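Structural overview for review
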Amino acid sequence: MVRLEYRLYEEGSRTFPVLYYYDRIGRDEAALRFACDYFVKDGRVYEKSSCAVETGCYVVYVKEAEDERTMPWGTPGARGFAGVRMELREYREGTADYPLIYSYTFKDTLEAMLHLQANYLYTDGREWYRTSAEIDEDRMTYVYYAVPV
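Here we summarise the structure given alongside this text. Values in this document were obtained by computation on a predicted structure and should not be read as measured data.

As a further point, take the layout of surface pockets. It is the rolling of a water-molecule-sized probe over the atoms that shows where space remains empty. In this structure, the largest pocket spans a volume of roughly 380 Å³. Every residue lining the largest pocket is counted, 21 residues in all, and those nearest its centre are E68, R69, Y98, E134 and Y145. Mapped onto the lining of the largest pocket, the elements with two or more residues apiece are β3 (38-41) and β9 (126-136). Take the lining of the largest pocket: its biggest share by element is four residues, from β9.

As structure tokens, this is what we get:
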């Protein structure tokens, strides 16, 4: 188990205040979070700037994504599920809603990581190209945004 911190990144700043931290998080979950472009927590959307590995701590530097907002989709699946959830959502330029294409549930974090980091996913006979990924803590799910190929 390791420590993971989300720190606020501001251009030109010499200090990076800790926004959120997790003591005793698994390295596999830290790696999943490193793979995400966005972080949603407490009704706010943050965009990843960079990631770092420090002695005894993994760090994700984020800035508030002013052009993004949280979506009122609700928490997917049943409570008590022991695993990783990921949604495939269709990214549409210039719209405020992204239709749900498929919901994945993984018992293995490595399988979730492979899906989250893939450039392409294939589901229901269709190919999807990744545009971004996020961890939505408010909804307890990862989201893979993609466009059809």
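With that out of the way, let us pick up the state of the cysteines. Counting across every chain of the model gives zero disulfides. C51 supplies the cysteine sulfur nearest to C57, a cysteine that is in no disulfide, at a spacing of 12 Å.

There is a patch of nonpolar side chains on the surface, built from Y120, Y122, Y129 and V149 and spanning about 450 Å² of accessible area. As for its placement among the helices and strands, Y120 is situated in strand β8 (residues 120-123).

How each quantity is defined
Residues numbered from 1 in each chain as written. Predicted model: local features only at pLDDT ≥ 70, side-chain atom pairs only at ≥ 80, totals over all residues. Heavy atoms only, no water. 1 Å grid on protein atoms, 1.4 Å probe; cavity = no way out; pocket = protein on both sides within 12 Å on 5 of 7 lines; lining within 4 Å. Points joined across faces, edges and corners; volume = space filled by probe spheres on them. Helix = DSSP H or I, 4+ residues; strand = E, 2+ residues; numbered from the N terminus. Disulfide = S-S within 2.5 Å. Patch = residues over 30% accessible without salt bridge, like charges linked within 9 Å, V, L, I, M, F, W, Y side chains within 5 Å. Areas by Shrake-Rupley, 256 points an atom, 1.4 Å probe, with all protein chains shown as cover. Salt bridge = Lys/Arg side-chain N within 4 Å of Asp/Glu carboxyl O.

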